[in-house]
Amino acid sequence: MTQKPNLSAGRDYLAIPGPSVMPDAVLQAMHRAAPNIYAGELPDMMPDLIADLKRVARTKHDVAIYIGNGHATWEAALANTVAPGETVLVPATGRFAHGWADMATGLGIKTEMLDFGQSAPMDMARIGDRLRADTDHKIKAVLAVHVDTSTSVRNDIAALRAVMDEAGHPALLMADCIASLGCDVFEMDGWGVDVMITGCQKGLMVPPGVGFVFFNDKAAGARARMSRVSRYWDWVPRAAPEEFFQYWNGTAPTHHVYGLRKALDLIHAEGMEAVWQRHGVLARAIWAACEAWGGQGKLALNVADPAHRSHAVTSLRLESPQATALRDWTQKELGLTLGIGLGMAPPGDPAWHGFFRLGHMGHVNGHMIMGLLGGIEAGLTALDIDHGKGALEAAAQAIAGR
Ligand SMILES: Cc1ncc(COP(=O)(O)O)c(C=O)c1O
């Protein structure tokens, strides 16, 4: 009797857009006995850790660290700068902008959405019009998601700054770089971002659980004008602690600190620009393959213009329910997990099964991406999903720099 071979027995590959693959060196750095939180190595490593984090964010300004996920940093950024009853403007290019707006609403902040759909970047002209119309400057902050992980749209944050400046609007510019930091080019100070938030579980290659809020002097001024900020969210002691425990407002996430230290070592040993370039080449290899598949089939990149695509995540359309069938197949047969089509359709809607996403953030290299694409090609073939040929060849050309 011939048995179907098991092709999933090797190392699993989690190709979802976060949490991302963790380097063995990060895992090994975390594998240790409980460290002392009162003196010694752990408190001593904080000043350099902070300096190296700022090098990733490209800022000379401050950072407050929270034990929490991205949602925690959404709330922290707002709690320090925008009072209940004040207004924020949220240009949305995907699900995560709506999530941040929901967080603001929960804090009693008025949110004004400018929705640009699920496949296009922010329309800067519309944002400029809205800001110019706000003559009495009711809008206190613009909440901009740099890369929306649901749609894989990448927004031009420098252009947003320019539009705000042209409109002469004093609102804070806040950027969510949870998906993009350490993957897509980002310059906090160079682009005039006042507040930048991120998490540790994507480009920073550490298990989920720590979030960062970077803020400049203008944002510090907004904090100073707040009549009340909860002790836990207050970024002032966290960014300028007199004692180690103030970094965290309590016990440190000890092992995360070791993991983060190692991840920052890896990033800076490679070099920030080199990290960005690697993500750029790998993203172009993925796009080349997807364009080849889509040539004759139903598979399509969600964002048509490469200039507006993220280098960290790619959202794809595939006739429902084939996207789910493909994900199920690669997971079961190959040990390759692809990302669900998050937020692209209401939960329960069958259209949910017509999207999927690829994470290519952080600890990824050429052979992983070629393996990812090969796995998808095998799935399309096994499931008889109509697709164009030459995808792997196109990806190889991109990787070879042709
Ligand atoms: C762009 C973006 N913002 C916010 C979040 C929310 O982060 P978390 O799930 O860590 O709370 C995510 C999560 O994937 C994200 O990708």
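Residues numbered from 1 in each chain as written. Predicted model: local features only at pLDDT ≥ 70, side-chain atom pairs only at ≥ 80, totals over all residues. Heavy atoms only, no water.

### Description of the overall build of the protein
Helix and strand counts for the protein stand at 14 helices and 14 strands. Against the compact-globule benchmark of 21 Å for 402 residues, the protein has a radius of gyration of 22 Å, which places it among compact chains. Expressed along its principal axes, the backbone C-alpha trace of the protein runs to roughly 75 × 55 × 40 Å. Across the 402 residues that make up the protein, the buried fraction comes to 53%. Restricting to contacts in the protein with at least 6 residues of sequence separation, those with at least 24 account for 72%. Carbon and sulfur atoms provide 54% of the accessible area of the protein, an area that totals close to 16600 Å². For the protein, the distance from the average site of its 35 positive side-chain charges to the average site of its 42 negative ones is 1 Å. (Helix = DSSP H or I, 4+ residues; strand = E, 2+ residues; numbered from the N terminus. Rg over C-alpha atoms; globule rule 2.2 N^0.38 Å. Buried < 20%, exposed > 50% of the residue type's maximum accessible area, 1.4 Å probe, protein only. Contact = heavy atoms within 4.5 Å. Areas by Shrake-Rupley, 256 points an atom, 1.4 Å probe, with all protein chains shown as cover. Lys, Arg positive; Asp, Glu negative; His and termini not counted. Charge placed at Lys NZ, Arg CZ, Asp CG, Glu CD.)

### Quick look at the site of the ligand
Around the ligand, the structure places Asn69, Gly70, His71, Trp74, Phe96, Val145, Val147, Thr149, Asp176, Ile178, Gln201 and Lys202. Measuring from an oxygen atom of the ligand, one finds a backbone N or O atom of glycine 70 at 2.8 Å. Between the ligand and the protein, one listed contact pairs an oxygen atom with a side-chain N or O atom of threonine 149 at 2.3 Å. (Near = heavy atom within 4 Å. Polar contact = N/O pair within 3.5 Å; in protein donor to acceptor, adjacent residues only side chain to side chain.)

### Structural notes on the domain arrangement of the protein
Interface size is often expressed as the accessible area that is lost when the parts come together. By domain assignment, the protein separates into domain 1 (33-253) and domain 2 (271-400). Between the C-alpha centres of domain 1 and domain 2 there is a distance of 29 Å. On the side of domain 2, 25 residues touch domain 1, which itself brings 25 residues to the contact. A combined buried area of about 2100 Å² lies between domain 1 and domain 2, and 56% of that area is made up of carbon and sulfur atoms. Taken as a group, Ser152, Arg154 and Cys183 account for 25% of the area that domain 1 buries against domain 2, more than any other trio of residues on that side. Between glutamate 273 and arginine 58 there is a salt bridge, with its nearest N and O atoms 2.9 Å apart. Linking domain 1 with domain 2 are 16 residue pairs in polar contact (both at pLDDT 80 or more). For the side of domain 1 that touches domain 2, the secondary structure elements donating two or more residues are helix H3 (46-57), helix H5 (95-106) and strand E7 (153-154). (Domains from an automatic or database assignment. Buried area = accessible area lost by both parts, 1.4 Å probe. Salt bridge = Lys/Arg side-chain N within 4 Å of Asp/Glu carboxyl O.)

### Some words on the packing of helix H6 (residues 124-133) against helix H7 (residues 157-166)
Where H6 meets H7, the closest approach of the two axes is 9 Å, and the angle between their N-to-C directions is 30°. On the basis of the axis angle, H6 is roughly parallel to H7. Read as a crossing pair, H6 and H7 show a hand that is right-handed. The residues of H7 that touch H6, namely those facing Met124, Ile127, Gly128 and Leu131, are Ala159, Leu160, Val163 and Met164. Class assignment for the residues of the contact of H6 with H7 results in 7 nonpolar, 1 polar and no charged. (Axes fitted to C-alpha atoms, helices over the stretch in contact; angles between N-to-C directions. Parallel < 35°, antiparallel > 145°, perpendicular 65-115°, else oblique. Left-handed = near helix turned anticlockwise from the far one by under 90°. Nonpolar A, V, L, I, M, F, W, Y, C, P; charged D, E, K, R; others polar.)

### Description of unusual backbone geometry
Here the amide bond leading from glycine 18 into proline 19 is cis, since omega sits at -5°, within 30 degrees of zero. Its location among the elements puts proline 19 in the loop between strand E1 (13-15) and helix H1 (24-30). Residue proline 321 is bonded to the preceding serine 320 through a cis peptide linkage, with omega at 5°. Along the chain, proline 321 turns up in the loop between strand E12 (313-317) and helix H12 (322-334). Phi at arginine 58 is positive, roughly 55°, even though this residue is not glycine. If you trace the backbone, arginine 58 turns up in the loop between H3 and strand E2 (62-67). Residue classification places arginine 58 among the partly exposed positions, given a relative accessible area of 23%.

### Comments concerning H12
In an α-helix there are 3.6 residues to a turn, and that puts residues three or four apart on one side. The end-to-end C-alpha distance of H12 is 17 Å, a good match for the 18 Å that 13 residues give at a rise of 1.5 Å each. Taken together, the buried positions of H12 are Ala323, Thr324, Leu326, Arg327, Trp329, Thr330 and Glu333. At the C-terminal side of H12, glycine 335 shows a positive phi close to 70°. (Expected span 1.5 Å × (residues − 1).)

### Examining the state of the cysteines
Tallying each qualifying case throughout the model produces 0 disulfides. Of the cysteine sulfurs around cysteine 183, a residue in no disulfide, the closest is that of cysteine 177, at 10 Å. Here cysteine 290 is not disulfide-linked; the sulfur of cysteine 183 is the nearest cysteine sulfur, at 17 Å. (Disulfide = S-S within 2.5 Å.)

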